[in-house]
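This is what each chain is made of:
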Amino acid sequence: MKHIAVLTSGGDAPGMNACIRAVVRTAAYRNIQVTGVVAGFEGLINGDFRDLDSTAVGNIIQKGGTILKTARSKQFMTPEGRAKAAENMRKAGIEGLVVIGGDGSFRGADILASEFPEFKVIGIPGTIDNDLYGTDFTIGYDTAINTVVDAVDNIRDTASSHNRLFFVEVMGRDAGLIALRSGIACGAEAILIPETKTHFDKLIAQLERGWKRQKSGHVIIVAEGDDAGGAFEIARIVQEKFDKLETKVAILGHIQRGGNPTCMDRVLATRLGYEATEALLFGQTRVMTGQVAGKVSFTPLQNAVKHNIDVNETIIKIAEIMAL
Ligand code: ATP
């Protein structure tokens, strides 16, 4: 293999730039040409390519977002769109493709490789959601939860000063991993996630207990995909049954996606970028490069996206005990 391409796809995640850098510099070390594809699969279809060398990826390891831009591409969901992408890759002489993204991006990458086996395709988990099977952590997750922790610490200050009850909504349409981990780190009074049913009676009892022992403020973390609704809806229902504390809602939104990656995300991105590029050059295809129990592992893309990630029951129990 003499020429590979790299793209970022789906939601942006801090650490994607560190990963692009690692792919480019590993390829340079092996004297392999690298093409950067602008805006994910959309850029493959439009032939939006740029040459990347070691200099082009200087001074980006610390930056959030992605220098290659990212996109969600409807055209790539169609056989015609993917045929166009393959045609552009062929014309440019690209033989291998590194896809940095989440589950949707891996579904797309796997279909492309199944339809056009002449191209080798490898995935690197880049998403703040941490919802992929075959890696303990995805690139961007650590930064996102640290951003949430900083924000909730600030909210806690004002909650305590005014004796208020805050509902803080964090990202996680299908998975409560951001809510659970940041909730534990912030000492949340309750953590509401899509994986477990929200019981309002239990929640009210928890608030009553805290109120009786004169807690100065209450913070409840709500994953956006919780079964009882978003933070505003949950706050409304709670307020009807428990009116002892003034209630406020904060939606953290897109601040969770941006910002400089943490040390952990930079190192993970660099390691996975290196390992994925090496594996691609040595013939691996249709796998995701992950890290499990400190070791690099390769999981078929089909399996990486298929499994539901179980939340750890003990962690949920610990969170509940800490809030008693
Ligand atoms: P995140 O987890 O951060 O949202 P993601 O990679 O899951 O990232 P998606 O928007 O789900 O983000 O997917 C990115 C792109 O992958 C889609 O816009 C689409 O172009 C492509 N894609 C997703 N699913 C498929 C599919 N079944 N077939 C072909 N392409 C797909």
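Everything numeric in this text was worked out from a predicted model, so none of it was measured.

## Examining the site of the ligand
Argument step 1. If you check the shell around the ligand, you find 18 residues, and the closest are Arg 72, Ser 73, Asp 103, Gly 104 and Ser 105.
Argument step 2. A distance of 2.6 Å separates an oxygen atom of the ligand from a polar backbone atom of Ser 73.
Argument step 3. Between an oxygen atom of the ligand and a side-chain N or O atom of Asp 103, the distance comes to 2.6 Å.
Argument step 4. Here the ligand has 630 Å² of accessible area as a free molecule, and 85% of this is covered by the chains.
Argument step 5. In terms of residue count, helix α4 (residues 103-115) provides more of the shell around the ligand than any other element does, six residues in total.
Argument step 6. A breakdown of the residues in the shell around the ligand according to their chemical character gives four nonpolar, nine polar and five charged.

## Concerning helix α3 (residues 79-92)
Argument step 1. End to end, α3 covers 20 Å across 14 residues, agreeing with the expected 20 Å (1.5 Å per residue, within 8%).
Argument step 2. Regarding α3, the residues found buried are Gly 81, Arg 82, Ala 85, Ala 86, Asn 88 and Met 89. Projected down its long axis, α3 carries its buried residues within an arc of 160°, all on one side. Turned more than 90 degrees away from the buried face of α3 sit Glu 80 and Lys 91, all of them exposed.
Argument step 3. Tucked inside the fold, the buried residues of α3 contact α2 (40-46), β3 (49-52), β4 (96-101) and α4.
Argument step 4. Backbone geometry just after α3 places Gly 93 at a positive phi near 80°.

## Some details on the side chain of Thr 8
Argument step 1. Looking at the element boundaries, Thr 8 is found in strand β1 (residues 3-8).
Argument step 2. Apart from residues no more than four positions distant in its own chain, Thr 8 is found in contact with Met 16, Ile 20, Ala 39, Gly 40, Thr 66, Leu 68, Lys 69, Thr 70 and Ile 100.

## Examining the sheet that holds β3
Argument step 1. Spatial ordering of the open sheet is given by β3-β2-β1-β4-β5-β10-β11, a layout of seven strands whose pairing is mixed. Each of the sheet's edge strands pairs with one partner strand only, and the pair in question is β3 and β11 (295-300). If you compare each strand with its neighbour and ignore which way they point, the axes differ by 30° on average.
Argument step 2. Where strand β5 (residues 120-125) lies against strand β10 (residues 287-292), two bridges are found, and the strand directions are parallel. Along β10, the bridge assignment pairs Ile 122 with Val 287.
Argument step 3. Helix-sheet contacts for helix α9 (residues 263-281) involve β1, β4, β5, β10 and β11, and the interaxial angle to β5 is about 165°.

## Section: the packing of aromatic side chains
Argument step 1. A complete count under the given rule lists two aromatic pairs for this structure.
Argument step 2. Seen from their ring centres, Phe 137 and Tyr 141 are 6.2 Å apart, and the 20° between their planes marks the pair as stacked.
Argument step 3. Classification of Phe 137 by relative accessible area gives partly exposed; the value is 24%.
Argument step 4. Looking at Tyr 141, the relative accessible area reads 2%, which means it is buried.
Argument step 5. Between the NZ or CZ atom of Lys 244 and the centre of the ring of Trp 211, over which it lies, the distance is 5.0 Å.

## Let's talk about the domain arrangement of the protein chain
Argument step 1. One can read the domain layout of the protein chain as domain 1 (3-140 + 261-306) and domain 2 (142-257).
Argument step 2. One C-alpha centre belongs to domain 1, the other to domain 2; they are set 35 Å apart.
Argument step 3. Across the boundary between the two partners, domain 1 contributes 14 residues, which contact eleven residues of domain 2.
Argument step 4. Across the domain 1 to domain 2 interface the summed buried area is about 1000 Å²; carbon plus sulfur atoms make up 54%.
Argument step 5. Together, Ile 128, Asp 129 and Thr 262 form the three largest contributors to the area buried by domain 1 at its contact with domain 2, with a combined 42%.
Argument step 6. In this structure, the connection of domain 1 to domain 2 is made through zero salt bridges.
Argument step 7. Along the contact surface separating domain 1 from domain 2 lie eight residue pairs in polar contact (both at pLDDT 80 or more).
Argument step 8. Partitioned by chemical class, the residues of the side of domain 1 that touches domain 2 number five nonpolar, four polar and five charged.

What counts, and where the lines are drawn
Residues numbered from 1 in each chain as written. Predicted model: local features only at pLDDT ≥ 70, side-chain atom pairs only at ≥ 80, totals over all residues. Heavy atoms only, no water. Near = heavy atom within 4 Å. Polar contact = N/O pair within 3.5 Å; in protein donor to acceptor, adjacent residues only side chain to side chain. Areas by Shrake-Rupley, 256 points an atom, 1.4 Å probe, with all protein chains shown as cover. Helix = DSSP H or I, 4+ residues; strand = E, 2+ residues; numbered from the N terminus. Nonpolar A, V, L, I, M, F, W, Y, C, P; charged D, E, K, R; others polar. Expected span 1.5 Å × (residues − 1). Buried < 20%, exposed > 50% of the residue type's maximum accessible area, 1.4 Å probe, protein only. Arc of directions from axis to C-beta. Contact = heavy atoms within 4.5 Å. Pairing = 2+ DSSP bridges. Axes fitted to C-alpha atoms, helices over the stretch in contact; angles between N-to-C directions. Phe/Tyr/Trp six-rings, centres within 6.5 Å; stacked < 30°, edge-to-face > 60°. Lys NZ or Arg CZ within 6 Å of the ring centre and 35° of its normal. Domains from an automatic or database assignment. Buried area = accessible area lost by both parts, 1.4 Å probe. Salt bridge = Lys/Arg side-chain N within 4 Å of Asp/Glu carboxyl O.

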